[in-house]
Amino acid sequence: MASGLPLRVATFEVDITPPLGSPLCGGWIKPLEVVDDPLLAKGVVLEDGERRFVLCALDWCEVRNSAHDQLRQALAAGAGTQADQVAVQCLHQHNAPIVDVDAQALIDAQPNPLPICDAAHFKQVLEKLTVAAREAAGRLTPFDRVATGEAKVEQVAATRRVKAADGKILVRYSSCQDPELRAMPEGVIDPLLKTISFLAGEKPLVRLHYYATHPQSYYGDGRGTSDFPGIARQNIERETGVFQIYFTGCAGDVTAGKYNDGSHQARGELIARMAQGMRESIAASHAELAELIGWQVVRLPLPPREDAGFTEADAKRNLESSSVPPQPRLNAAITLAYRQRAQRPIEIPMLSLGKIRIVHLPGEPFIDYQLTAQRLAPGCFVAVAGYADGGPGYVCSAASYSEGGYEPTASLVGPRTEMALKGTLAELLAEE
Ligand SMILES: [Zn+2]
């Protein structure tokens, strides 16, 4: 039985690995020396007979501010749609670029500039994505069924915010060799990997996976890689012959540190566990007739924080001073770029398809936002992707600013964000 709806889908893939010598992770680690495996942009164009939508996941650490707008525009131009019907997310690997052309322009205007990203390469990526989306729109294929599945991923994700006996928040980074920290509980995570598949009859055309953890097993060695989620994704693609896309969920406070000592062997184990989660989620998938595609966008203002170190004056002073070390100067440029960007609201798009909801959040949201989204629509299959516009940085809980830990010291937005973002989630996920 066919759905009778004019639904079509096509996939696209572009190699977005920057040239050797390009800055990685915003310029504060070793630049790219060797490519272990290519960084990819993978996406789908979806069409409901009238409108087109694009979902795209990049093997980059972050895309911030106007660079994120430019990516949405480039994909929209190619796919023949409008930018507010495009969602672009990063997987957040660390041996990968942070693209912030606004911050780069700010630091380039100084007498002693520093490299944050490769703006020329970014331009080429925009052009390649436009071409790829255009080609995809030219080979849209009918689909009539959509499958959803989920499975537990064993021994990958755990909280980065470990609570000590005295209540202090300890930091369990992505790789961790401290046996006491590793022995502490997993804490709040979402253990389930979710998969959404588009099918023509029995034939799967593309699978989208969602899981929430920081994706880096080790980094800083100049070796470009899509790291364990990207490698697992490509392994499953080879194994099944079906195009696979992976989105990182709300992983702001989630890392693999409990299960990862940063060794090469540990990366292999994480790849295997992630791939197993994908396999089991695919095996558990259940297909139903596709329904009409819905798309909602909420425009959320996320004002910059104004406490000491984050004000315009403080950031300017750090950017302009020749005695300030590189790391705080890079941060100052990134802070100032977000302060400019924050004058406009951030768009938060959600795609719905029958009982499926796919929410696209900015920055590095805490796992609580993903769990909240799921609680708000208990009758739905809610998948959440984080790391759209990376401008705000960590999207923390309000309480974390007084509790401590790492994330609230790096976020560019303040404690009021929680109520605002949860209001947006309620607006998007309210069930009629
Ligand atoms: Zn992060």
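Note that the structure is predicted; figures quoted are calculated from it, not measured.

### Considerations on the pattern of salt bridges
Part 1 of the argument: Taken as a whole and assessed by the stated rule, the structure comprises 30 salt bridges.
Part 2 of the argument: Ionic contacts of the salt-bridge type, sharing partners, join the residues Arg-72, Asp-84, Arg-299 and Glu-347 into one network.

### Focus on the packing of aromatic side chains
Part 1 of the argument: With the rule as written, the count across this model stands at seven aromatic pairs.
Part 2 of the argument: A ring pair is formed by Trp-28 and Tyr-219, whose centres lie 6.4 Å apart and whose planes are at 90 degrees; its orientation type is edge-to-face. Of this pair, Trp-28 sits in the loop between strand S1 (8-15) and strand S2 (34-35) while Tyr-219 sits in the loop between strand S14 (203-211) and strand S15 (223-224); the two residues are 191 residues apart in sequence, bridging distant segments of the chain.
Part 3 of the argument: Here Trp-28 falls in the partly exposed class, since its relative accessible area comes to 42%.
Part 4 of the argument: What makes Tyr-219 partly exposed here is its relative accessible area of 35%.

### Things to note about the coordination of the zinc ion
Part 1 of the argument: Binding of the zinc ion to the protein goes through His-92 (NE2), His-214 (NE2) and Glu-364 (OE), at separations of 2.1 to 2.2 Å.
Part 2 of the argument: Taken in chain order, the donor set of the zinc ion reads H-x121-H-x149-E. Linking His-92 in the loop between strand S6 (86-90) and strand S7 (98-99) with Glu-364 in strand S22 (residues 364-365), this pair joins segments that are 272 residues apart in sequence. Comparing His-92 with Glu-364 shows no difference in burial state: the two are buried.

### As for the side chain of Ser-226
Part 1 of the argument: Looking at the secondary structure, you find Ser-226 in the loop between S15 and helix H5 (227-240).
Part 2 of the argument: The class of Ser-226 is buried, set by a relative accessible area of 1%.
Part 3 of the argument: Within polar-contact distance, the side chain of Ser-226 engages the side chain of Asp-37 at 2.7 Å.

### Things to note about the sheet that holds strand S13 (residues 192-200)
Part 1 of the argument: Read from one edge of the open sheet, five strands run S16-S14-S13-S9-S18, paired in mixed fashion. The strands lining the two open edges of the sheet, one partner per strand, are strand S16 (243-248) and strand S18 (286-289). Each adjacent strand pair in this sheet contributes to an overall mean axis angle of 20 degrees, direction not counted.
Part 2 of the argument: Bridge count between strand S9 (residues 145-152) and S13: eight bridges; the pairing is antiparallel.

### Section: helix H7 (residues 312-320)
Part 1 of the argument: Three or more residues of H7 are buried, namely Asp-314, Ala-315 and Leu-319. End-on view of H7: buried residues confined to an arc of 130 degrees, all on one side of the axis.

### Considerations on the sheet that holds strand S20 (residues 346-353)
Part 1 of the argument: Taken in spatial order, the four strands make up an open sheet running S19-S20-S21-S23, and their pairing is mixed. Either end of the sheet is taken by a strand with one partner, and the two such strands are strand S19 (293-300) and strand S23 (381-385). For this sheet, the mean inter-axis angle between neighbouring strands, taken without regard to orientation, is 15 degrees.
Part 2 of the argument: Sheet topology note: the strand S21 (residues 356-360)/S23 ladder contains five bridges and is parallel. Residue pairing for S23: Arg-357 is matched across the bridge by Val-382.

Definitions and limits used
Residues numbered from 1 in each chain as written. Predicted model: local features only at pLDDT ≥ 70, side-chain atom pairs only at ≥ 80, totals over all residues. Heavy atoms only, no water. Salt bridge = Lys/Arg side-chain N within 4 Å of Asp/Glu carboxyl O. Phe/Tyr/Trp six-rings, centres within 6.5 Å; stacked < 30°, edge-to-face > 60°. Helix = DSSP H or I, 4+ residues; strand = E, 2+ residues; numbered from the N terminus. Buried < 20%, exposed > 50% of the residue type's maximum accessible area, 1.4 Å probe, protein only. Donors = N, O, S within 2.8 Å, 3.2 Å for Na, K, Ca; no water. Polar contact = N/O pair within 3.5 Å; in protein donor to acceptor, adjacent residues only side chain to side chain. Pairing = 2+ DSSP bridges. Axes fitted to C-alpha atoms, helices over the stretch in contact; angles between N-to-C directions. Arc of directions from axis to C-beta.

Nothing here speaks to function; it is all geometry.
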